[in-house]
Amino acid sequence: NERQPWLGDRTTGAYGESFIFDNQTLYAKWLDDIKNAQTADGGIPDVAPAFWRYYGDNVTWPGTYITVADMLYQQFADKKVIEKHYPSMKKWMVYMEKNYLVKDLMTKDKYGDWCVPPESLELIHSKDSARTTNGELIASAFYYHLLQKMKRFAVINNSGNEDIQYYEGLSQRIKSAFNAKFFNSKTINYANNTVTANLLPLTFGMVPENLEDKVFENIVHEVEVTYKGHISTGVIGTQFLMRTLSQFGRPDLSYKLASNNTYPSWGYMAKNGATTIWELWNGNTADPKMNSQNHVMLLGDLLIWYY
């Protein structure tokens, strides 16, 4: 099943590729495949074309439909993909809201921060709750992030004030509920203080005003102290990690992560003979039951950060 076109693997991967490949027509065509795989009520699968019918619903994998369209617009000024796919993208956003938004939080998440580096080199997935990030936090933050993109698409597409107000109103409700549930006002961090838990609201602009630097300090502490200058994020957090570290004044820490060659790191893969990105940070030692040796999903925003 790893030879299937998984959406979540390309969320940020497509953006990174665009700096070095002319990938416009490939991904414009793929958006058609995703649209064609959408169900009548709005659901989008984790794999498209849906040869393997993974229609389980979540935000982070199907949301690639929106992020790839955004990439094509940003990198290639391709406005046509937004015009063509806006109705289907909106249909999915409404579908997720109607089915899974409870008390202004997105309750459905399928994969979490997939493939965080486990504490043991033999494990496939971490069993340490201190390393894993709450799925509702991930889904709510990511849905908020996608609402911002849809609001911009509505402007580009001349979809009218009603759509813009819908995205804006829903965003504000989610942001309020998100901070009420996950933000710790005493320690100025989110949930259990994983890098991903703090990183998503910081990157997406959800942190209460004037507290961004304090939240960022928690991220730095986790990277530098708890994880001794190593990466601790899975597929979701790694999509934003390098750029956010640089944006908030720590490009040296991004560089440290990029140049490490001890576990877990990209350099560790190369040092151990990898010529492509592994599915797991510990792909040379983990149980081979889930261990693709060519799996771009863990590349995150590394290429984008380079450029």
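Residues numbered from 1 in each chain as written. Predicted model: local features only at pLDDT ≥ 70, side-chain atom pairs only at ≥ 80, totals over all residues. Heavy atoms only, no water.

Quick word on the overall build of the protein chain
So, point 1. In terms of regular secondary structure, the protein chain is built from 12 helices and 4 strands.
So, point 2. The dimensions of the protein chain, computed from C-alpha atoms along their principal axes, are 50 × 45 × 35 Å.
So, point 3. Taking as baseline every contact in the protein chain between residues at least 6 positions apart, the subset at least 24 positions apart corresponds to 70%.
So, point 4. In the structure as shown, the protein chain presents an accessible area of about 13200 Å², 51% of it carried by carbon and sulfur atoms.
So, point 5. If the 30 positive side-chain charges of the protein chain are averaged to one point and the 33 negative ones to another, these points end up 2 Å apart. (Helix = DSSP H or I, 4+ residues; strand = E, 2+ residues; numbered from the N terminus. Contact = heavy atoms within 4.5 Å. Areas by Shrake-Rupley, 256 points an atom, 1.4 Å probe, with all protein chains shown as cover. Lys, Arg positive; Asp, Glu negative; His and termini not counted. Charge placed at Lys NZ, Arg CZ, Asp CG, Glu CD.)

Topic: helix α3 (residues 64-76)
So, point 1. Between its first and last C-alpha, α3 extends 17 Å over 13 residues, near the 18 Å set by a 1.5 Å rise per residue.
So, point 2. Turning to α3, its buried residues are Thr64, Tyr65, Ile66, Thr67, Val68, Ala69, Asp70, Met71 and Leu72.
So, point 3. Those residues of α3 hidden inside the fold are in contact with α1 (13-17), α2 (24-37), α4 (80-100) and α5 (135-156).
So, point 4. Looking one or two places after α3, you find Ala77, whose phi comes out positive at around 55°. (Expected span 1.5 Å × (residues − 1). Buried < 20%, exposed > 50% of the residue type's maximum accessible area, 1.4 Å probe, protein only.)

Examining the pattern of salt bridges
Pairs can form between side chains of opposite charge whenever their charged atoms are close.
So, point 1. In total, this model carries 16 salt bridges according to the counting rule given.
So, point 2. Of the charged contacts, one joins Glu136 and Lys181 as a salt bridge, the two residues approaching to 2.6 Å between their closest N and O atoms. With Glu136 in helix α5 and Lys181 in helix α6 (residues 161-182), this pair connects stretches of sequence that are 45 residues apart.
So, point 3. Linked by salt bridges that have partners in common, Asp70, Lys149 and Arg152 make up one network. (Salt bridge = Lys/Arg side-chain N within 4 Å of Asp/Glu carboxyl O.)

Here we look at a nonpolar patch on the surface
So, point 1. A surface patch of nonpolar side chains, amounting to about 560 Å² of accessible area, comprises Phe19, Ile20, Phe21, Tyr306 and Tyr307.
So, point 2. The residue Phe19 is located in the loop between α1 and α2 in this model. (Patch = residues over 30% accessible without salt bridge, like charges linked within 9 Å, V, L, I, M, F, W, Y side chains within 5 Å.)

Here we look at helix α8 (residues 212-226)
So, point 1. If you check α8, its first and last C-alpha atoms are 20 Å apart, about what 15 residues at 1.5 Å a residue would give, namely 21 Å.
So, point 2. Here α8 has its buried residues at Val215, Phe216, Asn218, Ile219, Val220, Glu222 and Val223.
So, point 3. On its buried face, α8 sits against β3 (183-184), β4 (189-190), α7 (195-204), α9 (241-247) and α10 (251-259).
So, point 4. Two residues or fewer past α8, Lys228 is found with a positive phi of approximately 50°.

Focus: the packing of α4 against α6
So, point 1. Contact pair α4 / α6: the axes reach a minimum separation of 13 Å and the direction vectors enclose 35°. For α4 against α6, the interelement crossing comes out left-handed. The residues of α6 that touch α4, namely those facing Tyr86, Lys90, Val94 and Glu97, are Asp163, Tyr166, Tyr167, Leu170 and Arg173.
So, point 2. Tallied by class, the residues present in the contact of α4 with α6 amount to 5 nonpolar, no polar and 4 charged. (Axes fitted to C-alpha atoms, helices over the stretch in contact; angles between N-to-C directions. Left-handed = near helix turned anticlockwise from the far one by under 90°. Nonpolar A, V, L, I, M, F, W, Y, C, P; charged D, E, K, R; others polar.)

Notes on the packing of aromatic side chains
So, point 1. According to the stated counting rule, one finds 20 aromatic pairs in the structure shown.
So, point 2. Consider the rings of Tyr111 and Trp114, whose centres lie 5.5 Å apart with planes at 70°: the pair is edge-to-face.
So, point 3. Judged by relative accessible area, which is 22%, Trp114 ranks as partly exposed.
So, point 4. Three or more aromatic residues joined by ring pairs make a cluster, and in this case those are Trp6, Trp52, Tyr54, Trp61, Tyr111 and Trp114. (Phe/Tyr/Trp six-rings, centres within 6.5 Å; stacked < 30°, edge-to-face > 60°.)

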